[in-house]
Amino acid sequence: MARRPNKRYSEDDFDSLEGRASKTEQKKAVQRMAALGEQLAELSAKQIQKLPVDERLIDALLDAQTITSFEARRRQFQRVGKLLRNEDETVILSYLTPQQGLKKQAQLQRWVDRMIEQGDPAINEFSKLHNASERHTLRQHVLRIQRDITQALNEQELAASKLKFFNYVQQVALLSDN
């Protein structure tokens, strides 16, 4: 068998991978979306019809309410999770967060700020309280935001990073409450 040539990797090779999600992170994201789909399916048919999402997703959620077989429901929620990936997380979470309340929202925002300021100690504490959280993903979000702060990016990009992190924390809190 021929040996592969000894290729040296440059910093550019690693920089191109920066910010990309690993396969494990992608799979976990799909599982989170399927779990959010389950929560959306618990809404009434009238509420589902009012969701500002694609018609295929509304149909899939309504179909999920009628399916009783365990395996068929599991497959249906995988499909819902795939459809949810094309939607805006903020809009979907806005329909699920009234279950949490404003007090919980403020508490989650304080957690986000605390994790950005303190780093690992706050991340570990949050992970203990919310079993659906993943330390690695939390760390990645925090490191990305801290990097954006040190690079002095404009306010819009920083706000977008913080919103993405807050959306993840909201998802984790919703999934941990169940």
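What you see is a predicted model; the values in this text were computed from it and never measured. (Residues numbered from 1 in each chain as written. Predicted model: local features only at pLDDT ≥ 70, side-chain atom pairs only at ≥ 80, totals over all residues. Heavy atoms only, no water.)

Quick look at the overall build of the chain
In step 1: Assigned secondary structure in the chain consists of 10 helices and 0 strands.
In step 2: Along its sequence from the N terminus, the chain presents helices and strands in the succession α-α-α-α-α-α-α-α-α-α.
In step 3: Counting over 178 residues, the chain shows a buried share of 37%.
In step 4: Put simply, 62% of the contacts in the chain that link residues at least 6 apart link residues at least 24 apart.
In step 5: Carbon and sulfur atoms make up 49% of the accessible area of the chain, which totals about 11700 Å². (Helix = DSSP H or I, 4+ residues; strand = E, 2+ residues; numbered from the N terminus. Buried < 20%, exposed > 50% of the residue type's maximum accessible area, 1.4 Å probe, protein only. Contact = heavy atoms within 4.5 Å. Areas by Shrake-Rupley, 256 points an atom, 1.4 Å probe, with all protein chains shown as cover.)

A look at the environment of Glu-157
In step 1: By secondary structure assignment, the location of Glu-157 is in helix 10 (residues 155-177).
In step 2: The partly exposed category is assigned to Glu-157, whose relative accessible area is 40%.
In step 3: Each C-alpha atom of the pair Glu-157 and Ile-145 lies 9.6 Å from the other, and the pair is 12 residues apart in sequence.

Let's talk about helix 8 (residues 120-129)
In step 1: The set of residues buried in helix 8 consists of Ala-122, Ile-123, Phe-126 and Ser-127. Buried positions in helix 8, seen along its axis, are confined to an arc of 135° and lie on one side of it. Turned more than 90 degrees off the buried face of helix 8, the exposed positions are Pro-121, Lys-128 and Leu-129. (Arc of directions from axis to C-beta.)

Structural notes on the side chain of Ser-161
In step 1: For Ser-161, the location among the structural elements is in helix 10.
In step 2: By relative accessible area, which is 15% here, Ser-161 ends up buried.

Details of the packing of aromatic side chains
In step 1: This structure, assessed with the given rule, holds 1 aromatic pair.
In step 2: Consider the rings of Trp-111 and Phe-126, whose centres lie 5.4 Å apart with planes at 65°: the pair is edge-to-face. On the criterion of sequence distance, the pair formed by Trp-111 in helix 7 (residues 102-118) and Phe-126 in helix 8 is long-range, its members being 15 residues apart. For the pair Trp-111 and Phe-126, a shared accessibility class is recorded, and that class is buried. (Phe/Tyr/Trp six-rings, centres within 6.5 Å; stacked < 30°, edge-to-face > 60°.)

A word on the environment of Arg-74
In step 1: Mapped onto the elements of the fold, Arg-74 is located in helix 5 (residues 70-84).
In step 2: Taking the C-alpha atoms as reference, Arg-74 lies 9.3 Å from Ala-64; in sequence the two are 10 residues apart.

Concerning the pattern of salt bridges
In step 1: Counted by the stated rule, this structure contains 6 salt bridges.
In step 2: Measuring nitrogen to oxygen at the nearest pair gives 3.0 Å for the salt bridge that ties Arg-56 to Asp-54.
In step 3: The residue Arg-114 makes a salt bridge to Glu-125 at a minimum N-O spacing of 2.6 Å. Separated by 11 residues along the polypeptide, Arg-114 in helix 7 and Glu-125 in helix 8 bring together distant segments of the chain.
In step 4: Taking relative accessible area as the criterion, Arg-114 reaches 28% and is therefore assigned partly exposed. (Salt bridge = Lys/Arg side-chain N within 4 Å of Asp/Glu carboxyl O.)

Examining helix 5
In step 1: When the terminal C-alpha atoms of helix 5 are compared, their 21 Å separation across 15 residues agrees well with the 21 Å that a helix rising 1.5 Å per residue should span.
In step 2: Taken residue by residue, helix 5 has Gln-76, Phe-77, Val-80, Gly-81, Leu-83 and Leu-84 as its buried positions. Projected down its long axis, helix 5 shows its buried positions confined to an angular sector of 160°, all on one face.
In step 3: If you follow the buried residues of helix 5, they end up packed against helix 2 (23-41), helix 4 (55-66) and helix 6 (89-96). (Expected span 1.5 Å × (residues − 1).)

The analysis is restricted to geometry; functional conclusions fall outside its scope.
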